[in-house]
Amino acid sequence: MGRVKVELKKIENKTYRHISFAKRKSGLVKKAYELSTLCDVEVALIIFSPAGKLFLFDGKKRIEEIFIHYIEIPARRRGWYVVIP
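Cut-offs applied
Residues numbered from 1 in each chain as written. Predicted model: local features only at pLDDT ≥ 70, side-chain atom pairs only at ≥ 80, totals over all residues. Heavy atoms only, no water. Salt bridge = Lys/Arg side-chain N within 4 Å of Asp/Glu carboxyl O. Helix = DSSP H or I, 4+ residues; strand = E, 2+ residues; numbered from the N terminus. Buried < 20%, exposed > 50% of the residue type's maximum accessible area, 1.4 Å probe, protein only. Phe/Tyr/Trp six-rings, centres within 6.5 Å; stacked < 30°, edge-to-face > 60°. Lys NZ or Arg CZ within 6 Å of the ring centre and 35° of its normal. Patch = residues over 30% accessible without salt bridge, like charges linked within 9 Å, V, L, I, M, F, W, Y side chains within 5 Å. Areas by Shrake-Rupley, 256 points an atom, 1.4 Å probe, with all protein chains shown as cover.

Caption draft 1: Examining the pattern of salt bridges more closely. In the structure shown here, the tally under the stated rule is three salt bridges. Linking E34 and K31 is a salt bridge whose minimum nitrogen-to-oxygen distance equals 3.8 Å. Here K31 and E34 lie together in helix α1 (residues 14-39), a separation of three residues that amounts to about one turn. With relative accessibility at 26%, the residue E34 sits in the partly exposed group.

Caption draft 2: Focus on the packing of aromatic side chains. All chains considered together, the criterion is met by one aromatic pair. Consider the rings of F21 and F55, whose centres lie 6.1 Å apart with planes at 55°: the pair is tilted. A residue pair is termed long-range when its members are at least 10 positions apart, and F21 in helix α1 and F55 in strand β2 (residues 54-58) qualify at 34 residues. Given the relative accessible area of 22%, F55 is considered partly exposed. In this structure, K25 packs its charged tip against the face of F55, placed 4.1 Å from the ring centre.

Caption draft 3: Highlighting a nonpolar patch on the surface. Residues I46, F48, L54, L56 and F67 make up a contiguous nonpolar surface patch of roughly 500 Å² in combined accessible area. When residues of the nonpolar patch are traced back to their parent elements, those giving at least two are β1 (44-48) and β2. With respect to the helices and strands, the residue F48 is situated in strand β1. A relative accessible area of 55% places F48 in the exposed class.

Laid out in structure tokens, this is it:
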């Protein structure tokens, strides 16, 4: 039995939205940690909750060091990112 495809749209019920945010946030942080550890890469993750609360994750280096590294990259190379439709 496979997983059910979830339609990507805003969850209207505030309680369900909060529960989904908490679960997905922890899953995203876990994946960022795994990527940082297994692949020995620099990872910086910034999340703002719907209430405006800030959540940060930095792997091997402090988030400020990762941002400095990003800023030092020439502007023409900085725009490399993946867009998921």
